[in-house]
Amino acid sequence: MPVAEKDNAVATAAKKTTVADATKEEEEQQVATTDGEEQAAQLAEGIVADESYQLTIILPREPGRVQVIASPREAIHDIKQSIIESPETCIYSCFYLSYKGVRLNDFMDLGEIEGVTPQSEFELIEDVYTERDARIHINRLRDLMAGPHKQSPNAIGIDAGLSFLTAVTGTVVEETIESPKDGEKAPETAFTGYDLKAPAALSKFVPVSFERHPPQCLKSLALSGWNSPPHYLRLRGELLYLVVTTLENETVHITSATTGFFVNRSTNNQFDPAPKPSTTDKPLRAHSLITLLQSVSAQFATQFTLLQKFITDHQMLEVLPVNTYPPAHPWAVTRTPHTYDPTRPADSYLNFGTDTVDSLHDWNDELQSHRELPRGDLQERVLRERLINKIQADFADAAVRGAIQVVAGAVVPLNPTDPPESYMYLYNNIFFSKGSDGRGTFEALGGDEAAHVATGKDLEGVKTLNGADIEGLYTLGSVIVDYKGVRVVAQSIVPGIFRRQDENSIIYGSVDNGTVISADPKFHELVGQAAKSLHLAEHSVFDAEGKKVNLYTSVETKGLLGADGRRYLLDLYRLHPVDVEFQEAECVATEGEGEGKGATPAYPHKMTLLRPELMDLFWDSKFRAWVKEKATALAEKKAKATEAEKKEGETKVVENGTANEEKKEGEEKPAQLSTEEQVAAEDAASLDFDLTFNPDAFIGVKAVEEEDLEKLHQQEGVVREASKFLRETIIPALIIDFTSYIVSPLDGEALTKIMHRRGINMRYLGRVASLVASTEDKRLAHIKDLAVQEMIIRASKRILRGLLNTAAITQVAECTSHFLNCLLGTAYNPAPEGVVSEPLKAPAYASLTPASLADQIRFEVLRRFRYALPDCYIGSIKKLPMLREICLRVGLQVEARDYQFVPSAVEEEEETAVEEPKEGGKSKKDKKKGQAVKQKKIKRITTFVPEDVMNLLPTVKQATTRATHLDYRFQSLFAEEAFEAGKMSLAQGQRQLGLELLLESLALHEQTYGFLHPETAKCYAALAMIYYHGEDGEAALDFQRRAVIASERTSGVDNPDTIHNYLNLGLFEHAAGRTQLALRFLRHAMNYWDLVFGPGHPDAATADNNVAVMLQILRDYDLSCKFFERACETQESILGKEHVVTATSYHILAKAFSLTGDFKKALAVEKIAYRVFDEKLGRDDIRTRESESWLKELTQNAVYTVRQTGIRAPEAGQGERARLNTEVAGAGNRPHGIQGSSADRRANEVHW
C-alpha cells in the first residue's frame, strides 16, 4: 500500500473513532473495533514477511564453513559484518564474498543477487590489504583484546554503555528444580542475610561479580618507530610496521603488507625489513595478524581462546557497540587502575589515517542528502530513517567533542574582538555559539535567562519540523551541549551562511526584529504545508513602513535560501504561542497576601511558551467537542425526519402500525451510524473545523487595518483559551491520574516525561505540588515528595552550574565536592570548608556555606516554580536519590562508595594517597616501610572530598527524529503503525495477527534504530510480555534479556525502565522454574530501587510481594514473612489501614505467618483483614467469606495452643503448606508495568 493511502486510512480510522465518542458506548466500541480491524488488515497488506536465508559461508581454513542467517533485505556488507563479529570467524576482516565465482558488491541487497536461494553457499575470499584495511584489522584485534567493556581515557565519559546482565546471571546455569521438601533446609539465595532495614549501599552500584578485565593476550601491541615505510618499500606493498611484546617477554617486529602480515628482522636499534625465517614448523607469515600471533606465541594462542570464551559468555547485545544512540554513562563508577597501552596515542591515526581524511565531514550536506533520499515505499523509508539516525548520532558525537574544546578555550573564536559572550566558533565543520544573550536580542524578555530557554525551544522547534517532514523544507543539524556551566549550541553550516545577509539570503521572516519582513511565495507555500499539521495560523504582520506581510511562523523565525539552493528555517524558538495566563500572572513581582506570606519575585524571563503536546491536546479536545456538537445536530435532524415519517405512518392501517414501529426501531442504529459516517465524510480534511494558533499573539505585533485587528483579537482569544485549558483542565487531570495510579513516577526524569507528555511545562511543578498537598491524600504523598525534590534538584543544578562556570577546569572537583557537602553533608559536618587549590584567586564557590546555599535554593524554587519551601526542607531531602539526580543533571561521575551522611559509631576512613618510594637504591626494609606508609589511613572530616569526583560529562540535547522515547510524533512512521496495530489486534483477541505485526514492528525498529536503542528496547519488552502471557516462556525470556541490555546500555543501569525490565525478567525466570536466578535479578533491581527512590513507593509493595512468594516456594518462610510485612507497611502508609488492598495484604501475611507456625500473629493479622472486608465489602463477598473461614481455623489453632501449655504449636503439614503456598502465590508475581505500576510510564505495555 502506498504511503499516502496508508496515511489516509489511518487518518480516516482516527476520525471515525473520534466521531464514535459522541454516540452510545456500545456503538462506540463497535465502530472502534471495526476501524481497528481495518487498520490492522490494511497494515498487514503492506507488510510482506521475509523468508530467512540460512547461508553457508565456505572459509579458506578451519572450521571450513559456517552458517549465517540473513534477511533478503540485508546488504552484503551487513553479512560481512556478521562474519567479522562472529567468534568463529573473528580472524577475518579484509575479504569479499563470492557467489558462483562472481565477486559480490558490498552494497547490493541479498535479495537482488540473481539465482540466490535461502540455502545458497558463498565463498569467503581473502582480499588484498590497503593501508586503511590494515588499520581496521589492527583496531579489530585491539577491540577484541579490550573485551566487551572497553576502557579508554580518550572517551568522553567513564564506563559508557555498561550492562550487568551477565554479571548478575552468573556463569553457572541453574537447572529447573522443585521446591525443597519439608525438613530440608532452604537453599541460599540472593536474599540470604538480607537486611530490610539497612540503607541503600552505593558501594554495591557495580555488582561484585562484574568482570571488567578480559584475559591478557599480549603485554603490548604498538606501532613501530620505523613507521612509515620508505618509498621503495611501499612499492613492494609494505604498509606499516608493528612491534609486539608477547607474554613470553619476546619482542617481535611485524610488517603489514598488502598480502598480509609477516615477522621481519628489525630490532629497536636496527631496521631490517626482510622476512624472518621460521625455526619451527609454524610459518611466520599469515593473512591475519591473529593467525600470525598464534604461530609466534603459544601463550597468545591459549589466552586468545580464553578471551573468545570470555566474550561469548556475554550476551550478543552486551558486546555490540552503541552506534545510533548516545550510550548511557553511570553516575557512580568504580576507581580502576590505569593501564599501559603504547598504541593509545596513535588512536587518531589508526581510526582516521595520516591525514585524518576519514574524520572529515560536510555535516550539513550529509544530513540534507539523507533527508532527500526517496521515501516512496516501506523499504526506502526504513533505509532513509536508518541513515538519518546514523548521521545524526555521528554529528552529535562530533558536536559534543567540539563543545568540550570550545569551553576549554582550545578553539580560537571567529570574532575575537567581540565580547566573550558573543563569540562564535568553527570546529570540525560545525558552527558553535554560546547560549547567552551576547547581542542583546532577548534583553526585553529576560536577557541571558531568556536566551538560555530560547536555545532549548529552538531545538524543540527543529524536532517538531523534522517530525512534519515536509519535502523541500530543511532544518539545521542542531545539538545543545551543557558543559561546566556553559551552554554551547552546535549547528551544521548552511552554505552561504557567512556571507552578508542581504535580501537574497533571508527570504522569509525578519532578521532585524521586524524592521524589514520578507515572505517568499515558494517559502510561504512550503511553510504552509508544515503549518497544516502543526495547526499554525496564517497571520498578518507589519514592518516598519507599515507594509503588510502574511506569515505562518513568528516574526523572529528566518527563512534562508542557502547557496546550495535549499530552503532552511532558522530560529524556531517561537514555533508555538506564549502561555499568556502564566505570563500575565507570574512574570511580575507580587506582594504577599495574608499573614506570613512574603513577596514573590517575578519569573526570570518571558519566554514562557506552550508546549507542542499541549497544543495537540487542546486541538483534539476542541475537535472532539465540534464533532460531538455536529453529530448531535445531525442526529436531531434525523430524528425530526423520522418523526415526520412516523406521523405519515399513522394514517396507515392500525394492524401495520406495530410493524412500522418495529421497523423504525430497527433502523435507529444504522441511522445513527450513517450520521457519524456523514460527519466524518463532511470533515474528511477538517474543512469545516478551523482551529489554528498564531505564534505572534500577545508579543506586541500591531495590526493596522480594522479587519486584521479583529482577526488578531480572535486569534489571541484562542491562545488564551489554550492557556486556560492547561491550568484548568490538564493539570487537574494529571492529579486524578496520580490518584488512580494510572501514572506513578519513580524519579524526577519519569515525572518530567509524564508532565511533558501532557503538555505541562516544568514551571508548573510548584502548582502540581500544591494541588497534590491540598488533597491531603496519603496515596499522593510520594508524588508531593518527588515534586518537591525535583524542584530542589533543578534549583541546585542551576546554582552548581553557575559556580562551575566561574571555576577553572582544575577546580571542578573541589567546587563540586564543596557544593555537595553544603547540600547533603551538613549532618556530618555542619560547617564544611571548601578546598581552594589557588588561594590567591578565590573562586565563587569558596564563599558558599550551607545556610547561604539553602537560601539560594529557596529563592530559586520560589522564583522559578512559585512554591515556598519550608524552613526545614534540607532535613527532608533523600540523600542518595538527590545525589543521583544532581549527578545526572550536571554530568557528574562520582566514586561508587558508601558516603557518610550522618555521624556513626564507626567513623569511615579513607586511604591516603602516598607515592611509593622508588626502588632504586632501596632495601627490602625500605620498600616494606613505604608500603606501610601507603596503608596509613586518615579520618574524613567531610562527606565528600575532591577525590570522589571522577569526571565531568557534558549533558546533551539533540534534534533527533524522535524527541523522547515517549513522544509518538517523532518516530519511525511504519514501525509505530505496525506496533500500535499489533497491540490493537491483541486487544481484540487476534493473537496471531497481532504477534505478526509486532514482530514486523520489531524488525523495522531494528533496521531503523539498531538493536541498542530505547525504542527497540520498548519493542523487546512488549513482545516478551506477550509471549509470557502466551505461555511461551523461552521466547519471553529471550526478548526480555534483550530489553534489559538495550535499556541498560542506552537509558542507564539504574533507569526506572531498566529496573522494571529486571523485575519482569525475574518473574519470567521464576515462571520457567529458575527461582534462585529470578531472585538474583530481583535483588539487583531492588538495590537500584533504593538508590533511585528509597522506601515508600507504591510499586515497592508489588516487588516485595513477588520476592516473598518466591522465597516461600524455596521454603524460606521466615524471610518471606519479613517481605510480606514490609509490603503491608507500604500499603498501609499509602492507602491507610482501612483500604481493601491493605486488608488483602494482611490476609496474605496471615497465611505466611501460618506457614511458619506462628498462629498467634496470623490470628491478629487476619482479624484486621476480616474487619476491613466485612465493613467495606459485606458478608457475602468471596473475600470476606474466605477471611472468615481462615479466622475460624486460626482461632481453633490458637485455642489448641493455649490448652497445650508448654507444647509448641503445630506447624502446617506438607499438604497444608502446599495449599498455602498455592494460595499465597496466586496473590503475588504480578508483572511490573501490568498491575500495580505506572501504565503511562512506558508505551510498550500490553494490557490484558
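Remember, it's a predicted structure, so these values are computed and weren't measured experimentally. (Residues numbered from 1 in each chain as written. Predicted model: local features only at pLDDT ≥ 70, side-chain atom pairs only at ≥ 80, totals over all residues. Heavy atoms only, no water.)

Sorry if this is basic, but what is going on with the confidence of the model for the protein here?
Any residue range with low pLDDT should be treated as having predicted coordinates unsuitable for detailed reading. Taken over all residues, the pLDDT of the protein has a mean of 82, while the share at 70 or more is 82%. Residue range residues 1-49 is modelled with pLDDT below 50. Its contacts to residues more than four positions away, or to other chains, number 70 contacts. Counted against residues more than four places away or in other chains, residues 1232-1248, with its pLDDT under 50, gives 59 contacts. (pLDDT = per-residue confidence, 0-100. Contact = heavy atoms within 4.5 Å.)

Would you take a moment to explain the nonpolar core for this structure?
Nonpolar side chains tend toward joint burial in soluble globular proteins. The biggest cluster of nonpolar side chains holds 198 residues, and the ones touching the most others in it are F205, F819, L823, I857, L883 and F1123. Per-element accounting of this core gives the leading share, 12 residues, to helix α21 (residues 781-806). Filtering out sequence-adjacent residues up to four positions away, L823 remains in contact with S796, L853, I857, I874, I877, M882 and I886. Membership of the second largest hydrophobic core comes to 53 residues, among which are L55, F122, L221 and F300. (Core = buried A, V, L, I, M, F, W, Y, C linked by side-chain atoms within 4.5 Å. Buried < 20%, exposed > 50% of the residue type's maximum accessible area, 1.4 Å probe, protein only. Helix = DSSP H or I, 4+ residues; strand = E, 2+ residues; numbered from the N terminus.)

How should I be thinking about the pattern of salt bridges in this particular structure?
If the charged atoms of two oppositely charged side chains come close together, the side chains can form a pair. Inspection of the entire model under this criterion finds 59 salt bridges. Here R889 and E885 are joined by a salt bridge, their closest N and O atoms 3.1 Å apart. Of this pair, R889 and E885 both sit in helix α24 (residues 879-890), 4 residues apart, which is roughly one turn of the helix. With relative accessibility at 16%, the residue R889 sits in the buried group. A salt bridge links D1104 to R1126; the nearest nitrogen and oxygen atoms lie 2.9 Å apart. With D1104 in helix α32 (residues 1098-1113) and R1126 in helix α33 (residues 1117-1135), this residue pair connects regions lying 22 residues apart in the sequence. Among the residues examined, D1104 registers a relative accessible area of 2% and is labelled buried. Among the charged side chains, a network of salt bridges with common partners joins D747, E790, R794, R884, E885, R889 and D1054. (Salt bridge = Lys/Arg side-chain N within 4 Å of Asp/Glu carboxyl O.)

Even after reading the chapter, I still don't get the packing of aromatic side chains, so can you show me in this structure?
Between two aromatic rings, the relevant description is the distance of the centres plus the angle of the planes. Considering all chains together, one arrives at 31 aromatic pairs under this definition. Here the aromatic rings of Y474 and Y568 are separated by 5.8 Å at their centres, their planes lie at 45 degrees, and the arrangement is tilted. Of the two residues, Y474 is situated in strand β14 (residues 473-474) and Y568 in strand β22 (residues 567-570); the sequence distance between them amounts to 94 residues. Given the relative accessible area of 10%, Y474 is considered buried. Exposure remark for Y568: the relative accessible area of 0% places this residue in the buried category. Ring centres 5.4 Å apart and planes at 15 degrees place the aromatic pair Y508 and F523 in the stacked group. Remark: F523 occurs in helix α14 (residues 521-534) and Y508 occurs in strand β17 (residues 506-509); sequence separation between them is 15 residues. For the pair shown, Y508 and F523 are each scored as buried. Of the aromatic side chains, those joined through ring pairs into one cluster are W619, F623, W626 and F689. (Phe/Tyr/Trp six-rings, centres within 6.5 Å; stacked < 30°, edge-to-face > 60°.)

Sorry, what's going on with unusual backbone geometry here?
Backbone phi values are negative for most residues with the exception of glycine, while trans is the configuration of most peptide bonds. Of note, the amide linkage connecting E62 to P63 takes the cis form, showing an omega dihedral of 5 degrees. Here P63 is to be found in the loop between β1 (53-58) and β2 (65-70). Phi is positive for D469, close to 55 degrees, though the residue is something other than glycine. Following the sequence through the fold, D469 ends up in the loop between α13 (448-468) and β14. The partly exposed category is assigned to D469, whose relative accessible area is 24%. Notably, F698 is not glycine yet its phi reads approximately 65 degrees, a positive angle. Within the fold, F698 resides in the loop between α17 (657-682) and α18 (706-739). Under the relative-accessibility criterion, F698 is labelled partly exposed at 22%.

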